[in-house]
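Descriptive analysis of the structure
Each chain, written out:
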Amino acid sequence: MRLVSFLNDGRPGYGIAEGDSLRPATEAFRARYPDLRAVLAGNAVAALPDAVADPVSLASVTLLSPIPNPDKILCVGLNYAAHIRETGREKPKHPSIFTRYPSSVLGHGVPLIRPHVSTEFDYEGELAVIIGKSGRYIAEADAMDHVAGYSAFNDGTIRDFQRHTSQFWAGKSFDKTGAMGPWLVTADELPDPAAQHLRTILNGQEVQSTPISDLAFSIPEMIAYLSQVTELLPGDIIATGTPGGVGRFRTPPLYMKAGDRIEVEITGIGTLSNPVADEG
Ligand code: ZN
């Protein structure tokens, strides 16, 4: 199933995407589960297909991040060998973790906003893992049982702010600089995420390309590590890291600007596409 969250005439909803349309959850279902995070927390994904209304065109709604209101977004830095090399670092012993605010993450098709305080707006194509079942101290062997599904993620970054200090947060949480979508693909439809391939495309030109199997820390390793720190909750998002080819380490650097289009394509999931606009 492909689960979407959206605004329709300003009213939030969620449902199942099928081709060019979506079937929204009924009012009765939404009264019980107001958003997709609540559907995951209520273990109600399997009940959703029996609780949807007539289809509407996907083009008639504004897509949100599939989980617009997660408890937390955990990001893993330096998680592909090629990206570790281009930053001049060694393979780390432990995953490098930072967080993003949910307000920094938009849905598919919505313009990403380059803030007026920087020209160093960079892309990072990533696989997002969405937690379905809560857990603390999750064993690697059990980790995949805690995954609800997957999505494409753009960990859009304001590079100069990322490097103002040793803390990444400032460069990673600018409002409306990241995106996730177009949908959450449920885990049953993607039994082997490591067998998928990720590409990032800027204005039609490929800028990143990697098999997901090149992750330095695997999905179970990330879940096990993160759940030692904090209880993972339904709807939590893990952005699993970006491969080589980010704009900062190109010669000359390649940053996003108004009028650009940035796409993150993952086989088995789809293509997250966003235009770029300057802050008004
Ligand atoms: Zn990243």
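Residues numbered from 1 in each chain as written. Predicted model: local features only at pLDDT ≥ 70, side-chain atom pairs only at ≥ 80, totals over all residues. Heavy atoms only, no water.

1. Looking at the overall build of the chain
- Helix and strand counts for the chain stand at 6 helices and 19 strands.
- For a compact globule of 280 residues, the expected C-alpha radius of gyration is about 19 Å, and the chain comes in at 18 Å, within 12% of that figure.
- Summarising its shape, the C-alpha atoms of the chain cover approximately 55 × 45 × 30 Å along the three principal directions.
- Buried residues in the chain amount to 51% of all 280 residues.
- Partitioning the contacts of the chain with sequence separation of at least 6, the portion at a separation of at least 24 is 75%.
- Only carbon and sulfur atoms are counted for the fraction: they give 50% of the accessible area of the chain, which is about 12000 Å².
- Charged side chains in the chain number 24 positive and 33 negative. The centres of these two groups are separated by 4 Å. (Helix = DSSP H or I, 4+ residues; strand = E, 2+ residues; numbered from the N terminus. Rg over C-alpha atoms; globule rule 2.2 N^0.38 Å. Buried < 20%, exposed > 50% of the residue type's maximum accessible area, 1.4 Å probe, protein only. Contact = heavy atoms within 4.5 Å. Areas by Shrake-Rupley, 256 points an atom, 1.4 Å probe, with all protein chains shown as cover. Lys, Arg positive; Asp, Glu negative; His and termini not counted. Charge placed at Lys NZ, Arg CZ, Asp CG, Glu CD.)

2. A few points about the sheet that holds strand β19 (residues 270-278)
- Within the open sheet, the 5 strands sit side by side as β9-β19-β18-β15-β16. Their pairing is mixed. Of all strands in the sheet, those bounded by a partner on one side alone are β9 (112-114) and β16 (205-211). On average, each strand axis in the sheet is inclined to that of its neighbour by 20 degrees, with strand direction left out of account.
- Relative to β19, β9 runs parallel, the two being bridged by 3 bridges. When the sheet's bridge partners are listed, Arg114 is paired in β19 with Asp278. (Pairing = 2+ DSSP bridges. Axes fitted to C-alpha atoms, helices over the stretch in contact; angles between N-to-C directions.)

3. Details of the nonpolar core
- With 47 residues, the main nonpolar core has Leu127, Tyr150, Ile219, Ile223, Ile238 and Ile269 as its most contacted residues.
- Sorting elements by how many residues they give to this core places helix α6 (residues 219-229) first, with 4 residues.
- Each of domain 1 (2-63) and domain 2 (73-278) accounts for three or more of the residues forming this core.
- Dropping the residues within four chain positions of it, Ile269 is found in contact with Arg2, Leu127, Tyr150, Ser151, Ala152, Trp183, Val185 and Leu190.
- By size, the runner-up hydrophobic cluster in this structure holds 27 residues, among which are Phe29, Tyr33, Ala51 and Ala148. (Core = buried A, V, L, I, M, F, W, Y, C linked by side-chain atoms within 4.5 Å. Domains from an automatic or database assignment.)

4. Describing the domain arrangement of the chain
- We note that the domain assignment places domain 1 (2-63) and domain 2 (73-278) within the chain.
- Computed from C-alpha atoms alone, the centre-to-centre distance between domain 1 and domain 2 is 24 Å.
- In this complex, domain 1 contributes 11 residues to the contact, which on the side of domain 2 involves 16 residues.
- Where domain 1 abuts domain 2, roughly 1000 Å² becomes buried across the two surfaces, and 67% of that area is made up of carbon and sulfur atoms.
- Three residues, Arg2, Leu40 and Leu63, lead the burial of domain 1 against domain 2; their summed loss comes to 60% of the area buried on that side.
- Summed over the shared surface of domain 1 and domain 2, the result is 0 salt bridges.
- In this structure, the connection of domain 1 to domain 2 is made through 1 residue pair in polar contact (both at pLDDT 80 or more). (Buried area = accessible area lost by both parts, 1.4 Å probe. Salt bridge = Lys/Arg side-chain N within 4 Å of Asp/Glu carboxyl O. Polar contact = N/O pair within 3.5 Å; in protein donor to acceptor, adjacent residues only side chain to side chain.)

5. Points about α6
- Among the residues of α6, Ile219, Met222, Ile223, Ala224, Leu226 and Ser227 are the ones counted as buried.
- Where α6 is buried, its residues touch β6 (73-77), β7 (96-100), β11 (125-131), β12 (147-154) and β17 (237-239).

6. Concerning the packing of aromatic side chains
- Counted by the stated rule, this structure contains 4 aromatic pairs.
- Between Phe29 and Tyr33, the ring centres sit 4.9 Å apart and the planes meet at 50 degrees, which makes this aromatic pair tilted.
- Judged by relative accessible area, Phe29 falls into the buried class, the value being 11%.
- Note on Phe98 and Phe168: the rings are 5.3 Å apart at their centroids and 55 degrees apart in plane angle, and the pair reads as tilted. In this pair, Phe98 sits in strand β7 while Phe168 sits in the loop between α4 (159-162) and α5 (169-172), placing the two residues 70 residues apart along the sequence. (Phe/Tyr/Trp six-rings, centres within 6.5 Å; stacked < 30°, edge-to-face > 60°.)

7. Re the coordination of the zinc ion
- Protein ligation of the zinc ion involves Glu124 (OE), Glu126 (OE) and Asp155 (OD), the donor distances falling in the range 1.9 to 2.1 Å.
- If you list the donors of the zinc ion from N- to C-terminus, the spacing comes out as E-x1-E-x28-D. In this pair, Glu124 sits in the loop between β10 (121-122) and β11 while Asp155 sits in the loop between β12 and β13 (157-158), placing the two residues 31 residues apart along the sequence. Comparing Glu124 with Asp155, the two get one shared label, buried. (Donors = N, O, S within 2.8 Å, 3.2 Å for Na, K, Ca; no water.)

8. Regarding unusual backbone geometry
- A cis amide bond, omega 0 degrees, links Gly181 with the succeeding residue Pro182.
- Relative to the elements of secondary structure, Pro182 occurs in strand β14 (residues 178-186).
- For the bond running from Thr251 to Pro252, omega is -10 degrees, close enough to zero to count as cis.
- Relative to the helices and strands, Pro252 is located in the loop between β17 and β18 (261-266).
- Residues other than glycine seldom take positive phi values, yet Asp9 does so here, at roughly 50 degrees.
- Non-glycine residue Tyr137 carries a positive phi angle of around 50 degrees.

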